[in-house]
Amino acid sequence: FDESIREAQLIAKSEETQEILLQITVRADEVYQRQADTLIVWTEPSGKDYALSFQDVEGCTEVWEFITEVRRHLRAAPEVDPAAAFPDPAAAIQPRLPVPTLGNLAEIELQIRSVQRASPIRDRVVENVLSLDLVRKLVHLMGDAEDLQSVKDLHQICSLMQAILLLNDSNIYEHILRDDVFIDMVGLMEYDPEFPDLKAHYREFLQSNARHHQVIEFRDANIQAKVHQTYRLQYLKDVVLARVLDDPIFNVLNSLVIFNQIDIVQYIQSEEYFLRELFSLFVQHPGSAPLPPSVLSTITPTTTQPTTPSSSPFLGESTMAALSTGPQTVSTPSSVMPPLTPINPKPEPPPPLSSSAFPMMAAPLMTVADKRPAALLLLHQFCSMGKNVQLPMRLALFRTLVDRGILYPVQWALGQADIKVLNTAAEILAMVLDYDAGGVRGYILRQVEEDARREGAGGGPLAAATTNAAATTTGASGGAAAGDATASTPTPAGAASEATTVVATPPAAVGAPTSGNGSGSGNGGSHPSPPTLLAMMTSMLTSPKHELSLKSQLAESFRTLMDVPGLDSTLQGLKILQPQPRKEDQQSDRFLDYFYQRCAGELYKPMLDHVPEHSNVKSYPLELTRAQSDLYLYLCDLLSGFLLQHSYQSHFFVTTNNFAPRIASLLCAREKHLRL
C-alpha cells in the first residue's frame, strides 16, 4: 500500500523467475468474492474477470484480509475524492463513437467492450450504435474487406459485431431483427476469429433452407412479425451466439422469446377461425360451416401416405416454424448448424443479400393432404409454447384445444406409417394428457356413444355395453344424471363442451384406420366404425411393428390416461357408506367399464396367448425374447396399478381371465427385473 498515492496493489510473481504474472489495483468499490475458501474472484472496470486460486486456506485468508483492510481504509478516508481515486470508465471512450473504417475497428471494439458492465455509459454507447447505423456500415466494410481478401479485417469485423451484441440491450436486438438488417447482420458473424481458417454459412442457410410455410394464415400482421422475430431470436441464440453467450444475455434472449410466445398463444386461443381452419384439415368440426366441395373432395380416407415435407429443427417449415420449445437451452443438431468451410484465399463475391425477401420466402403450394403433416408440427409447437405460460392460462389453453378438436389430428397421425408423424402425435398426446386427461377420456366416451348410436339400440355388442354402462351410472347417481349420460347433442364450434354432461357427435378423423378393435360392425353389413383413440393406443402398445421409442412414449401416455380412481358405489354394501358420486366420477366409471369390456382383453392378449399357466411350465427358466420380457414387465406394472385404483372392475377382469397362474409362471423367467 502506497500512502503517497493512496493506492494498494496485488502483485503475483513467479517463484522461479520472479517475473510479475499479475499486478492489479485494489479498489474500494469493486465487488470481491471469496469462494470455496481458496478462491478470490472479481471483475475489473475493463470487463475482464479475474480469479486468484490458492494452494492452502491460510494463503487465501491472508490476501483476503489484506483486500478487506485496504477497502475499509479507502472508504474511511474523508479527504479522498472518490471520483479522483477511481478512474472513470467514461474517460476511455469518446462522447460519440467514430465512423468505422478498416483502420479503427479495433479501437471501436475496445471502447464498446470497456463499458459493457457500466450501465449509464452503456446506454450512451447503445444510442451511438443506433444513431450511426453502425451495423449497416460494418456490412459495407465487410464487402470491402472481402474484395481486398483481408481475412484479418473480416475477423475484426466479426469481433466488433459480437461486442455490439454483448451489450445486451433490447433496442439493439429489435434493430438487428428487422427484415432488412438480420440477414446482413448474421453475415458479419461468419468470419469467427476463433476459427481463423473456417467460414460459416449463416446467410446461405437462411436464404436456401429456412422457408415460411403458411399452413393457416395469420390475419394479424403483428403476430406474423412476432413469428419471424421469434425464429430469428432462436437462430441467434442457438447457432450464431451459442459459444459466446453468458447468463445475462441468455436470459434476455429467452425472455424475448417467451414474451413473443405468450402473445402468439393468446392470439391463437382467442381467434376462433385459426383452430377451426386448422382442425378442418383433418375433420369437419361439429357446428362449423360446411367445407367447400373442393376441400371435401380432398379430405377423404386414403390408403396412401401423405408426403411429409422436409422439416428443419428450427421450425421454418410451418407457420410456427420459428417458435421455441421452451426456455431451456436447446442443443443445436449438427444438421442445423451451417457447415464450416475453409476460407478461400480469393473469396467469391457473396450472393446478393435480399434481406427483405427472407420473411416472404414462401414454400410451394401444398394440397390438403400435404398440409396435414405440417399442421401436426404446428400443433406440436403450439402445445410446446403453451407449456411456457402461467399455469391458469396453461390449463385453460389445453382444455380449449381438447374442446376444439386437437385429438382428431392426433388420432389421424397415429394411423400413419411415417415414424416422424407418429412420434409427433405421441408427444402432443402426452402434453394434452398432462393438463387435461379428463377431456381425453370424455373424447373417447363421445366416440363410444357415437359408435353405439350408429349401431342402434341393441344393434350390437358395443351398443349393449354402452347401454349397460349408462344404466349403471344412472343407478349409482339415483337417476339424477340419466339424461346426461345418454344425451347426444352437437356442440357449437368454439364452445367448451363438458364431456360429463353433453356428449357431442364426433366425426371420424380423416384417414383413421377402420378396425373391429374397440367398435362393433354396424347394422345390415355397414362399414365398421373406426377404432376409438383408446383402442388405437392399446393396439399399438402390443403391436410388434412399431419402434420401441414410440411405444415408450405411448406407454407413459396410456398410464396417465388410465390413472382413474375406481368406484365401488355400485356395490350394494357400500352405497350407504359413500357420498353421492360426482359427474366426474360417473364419467370415470363409464370410461373404466368401456376399457375392461372392449380394450383390456386386446391389451393383455399377448400374455393370455403366450404365457402358460404355472402348472404347464415344462422348463426352467421360462424362455422369453427381449421384446416379450419388456412387454410383460410393462403389462404387469400396469395391472398392479389397475388393481390398486380400479377396484371391482380390475378384480373382476383378473378373476375371469385366470391371470394368477400366468403371472406365477413369470416367476420362472430368467430376467430378474421381471420376476421382481
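Thresholds, definitions, all that
- Residues numbered from 1 in each chain as written.
- Predicted model: local features only at pLDDT ≥ 70, side-chain atom pairs only at ≥ 80, totals over all residues.
- Heavy atoms only, no water.
- Helix = DSSP H or I, 4+ residues; strand = E, 2+ residues; numbered from the N terminus.
- Buried < 20%, exposed > 50% of the residue type's maximum accessible area, 1.4 Å probe, protein only.
- Pairing = 2+ DSSP bridges.
- Axes fitted to C-alpha atoms, helices over the stretch in contact; angles between N-to-C directions.
- Parallel < 35°, antiparallel > 145°, perpendicular 65-115°, else oblique.
- Left-handed = near helix turned anticlockwise from the far one by under 90°.
- Contact = heavy atoms within 4.5 Å.
- Nonpolar A, V, L, I, M, F, W, Y, C, P; charged D, E, K, R; others polar.
- Salt bridge = Lys/Arg side-chain N within 4 Å of Asp/Glu carboxyl O.
- Phe/Tyr/Trp six-rings, centres within 6.5 Å; stacked < 30°, edge-to-face > 60°.
- Expected span 1.5 Å × (residues − 1).
- Polar contact = N/O pair within 3.5 Å; in protein donor to acceptor, adjacent residues only side chain to side chain.

Participant: Explain the overall build of the protein chain to me, please; I cannot follow it from the model alone.
Facilitator: Counting its regular elements, the protein chain contains 27 helices and 7 strands. Out of the 676 residues in the protein chain, the part that is buried amounts to 49%.

Participant: Could you clarify how one ought to interpret the sheet that holds strand β5 (residues 49-53) in this entry?
Facilitator: To summarise the sheet geometry, strands pair through backbone hydrogen bonds and adopt either a parallel or an antiparallel arrangement. The strand order β3-β4-β5 describes an open sheet built from 3 strands, whose pairing is antiparallel. Every other strand in the sheet has two partners, leaving β3 (33-35) and β5 as the edge strands with one partner each. Each strand of the sheet is rotated relative to its neighbour by a mean of 25 degrees, with strand direction disregarded. In this structure, strand β4 (residues 39-43) lies alongside β5, joined through 5 bridges in antiparallel fashion. Across the sheet, threonine 43 pairs through a bridge with aspartate 49, a residue of β5.

Participant: Even after reading the chapter, I still don't get helix α20 (residues 533-542), so can you show me in this structure?
Facilitator: Since the α-helix turns once every 3.6 residues, residues separated by three or four places project in the same direction. Across the 10 residues of α20, 9 count as buried, placing the element largely inside the fold. For α20, the complete set of buried residues consists of Leu533, Leu534, Ala535, Met536, Met537, Thr538, Met540, Leu541 and Thr542.

Participant: Explain the packing of helix α16 (residues 407-414) against α20 to me, please; I cannot follow it from the model alone.
Facilitator: A pair of packed helices can be characterised by two numbers: the angle between their axes and the separation between those axes. It is the contact of α16 with α20, at a shortest axis distance of 11 Å, that shows an interaxial angle of 30 degrees. The angle between α16 and α20 falls in the class roughly parallel. For the element pair α16 and α20, the recorded crossing hand is left-handed. Two secondary-structure elements touch here, α16 through Leu407, Gln411 and Leu414 and α20 through Leu533, Met536 and Met540. The class makeup of the residues in the contact of α16 with α20 is 5 nonpolar, 1 polar and no charged.

Participant: What exactly am I supposed to notice about the pattern of salt bridges here?
Facilitator: Any two side chains of opposite charge can pair, given that their charged atoms come close. Enumeration over the complete set of coordinates arrives at 23 salt bridges. Notably, a salt bridge pairs arginine 113 with glutamate 109, separated by 2.8 Å at the nearest N-O pair. Of this pair, arginine 113 and glutamate 109 are both found in helix α3 (residues 105-113), 4 residues apart, which corresponds to roughly one turn of the helix. Of the charged contacts, one joins lysine 226 and aspartate 263 as a salt bridge, the two residues approaching to 3.3 Å between their closest N and O atoms. Note that lysine 226 is positioned in helix α10 (residues 221-240) and aspartate 263 in helix α11 (residues 247-270), a separation of 37 residues in sequence. Classification of lysine 226 as partly exposed rests on a relative accessible area of 23%. Because the salt bridges share partners, they merge into one network encompassing Asp133, Arg136, Arg178 and Asp180.

Participant: Whenever I open this one, the packing of helix α15 (residues 391-404) against helix α17 (residues 419-455) confuses me. Can you help?
Facilitator: The interhelical angle for the contact between α15 and α17, taken along N-to-C directions, is 60 degrees, at an axis separation of 9 Å. By the angle between their directions, the pair α15 and α17 is classed as oblique. Handedness of the crossing formed by α15 with α17: right-handed. Contact residues: α15 offers Arg394, Leu395, Phe398, Arg399 and Val402, while α17 offers Met431, Val432, Tyr435, Asp436, Gly439 and Val440. Among the residues making up the contact of α15 with α17, the classes are represented as 7 nonpolar, 1 polar and 3 charged.

Participant: Is there a simple way to think about the pairing of strand β1 (residues 8-13) in this case?
Facilitator: Two faces, one strand: in a regular strand the side chains alternate between the faces of the sheet. Alignment of β1 against strand β2 (residues 20-26), held across 6 bridges, turns out to be antiparallel. Residue pairing for β2: glutamine 9 is matched across the bridge by threonine 25. What sits between β1 and β2 in their antiparallel hairpin is a turn of 6 residues, with glutamine 18 showing a positive phi close to 60 degrees.

Participant: Sorry if this is basic, but what is going on with the packing of aromatic side chains here?
Facilitator: Aromatic ring pairs are described here by two measures, namely the spacing of the ring centres and the angle between the planes. Under the defined criterion, the tally for this structure stands at 19 aromatic pairs. Centroid distance phenylalanine 218 to phenylalanine 274: 5.1 Å. Interplanar angle 20 degrees. Geometry classified as stacked. On the criterion of sequence distance, the pair formed by phenylalanine 218 in the loop between α9 (202-208) and α10 and phenylalanine 274 in helix α12 (residues 272-279) is long-range, its members being 56 residues apart. Judged by its relative accessible area of 2%, phenylalanine 218 is buried.

Participant: Just checking my understanding: could you explain the environment of glutamine 214 for this structure?
Facilitator: Position of glutamine 214 among the secondary structure elements: in the loop between α9 and α10. Remark: the alpha-carbon pair of glutamine 214 and alanine 374, spanning 160 residues in sequence, is separated by 9.3 Å.

Participant: How do you make sense of α10 when you look at a structure like this?
Facilitator: Between its first and last C-alpha, α10 extends 27 Å over 20 residues, near the 28 Å set by a 1.5 Å rise per residue. Counted residue by residue, α10 has 15 buried out of 20 residues, so it is predominantly covered. The N-cap residue of α10 is aspartate 220: its side-chain oxygen and the backbone nitrogen of asparagine 222 are 2.9 Å apart.

Participant: In this structure, what is going on with the environment of lysine 137? I would like to understand it.
Facilitator: As for its position among the elements, lysine 137 is in helix α5 (residues 134-148). On the basis of relative accessibility, which here comes to 29%, the residue lysine 137 falls in the partly exposed class. Contact partners of lysine 137, with chain neighbours within four places excluded, come to Val99, Pro100 and Leu132.

Participant: Is there a simple way to think about the pairing of β4 in this case?
Facilitator: Relative to β4, β3 runs antiparallel, the two sharing 3 bridges. Residue arginine 34 lies in a different strand from β4, and its bridge partner there is isoleucine 40. Connecting β3 to the next strand, β4, in antiparallel fashion are 3 residues, including alanine 36 with a positive phi near 60 degrees. Counting the residues in the hairpin turn of β4 and β5 gives 5 residues, including glycine 47, whose phi is positive at 100 degrees.

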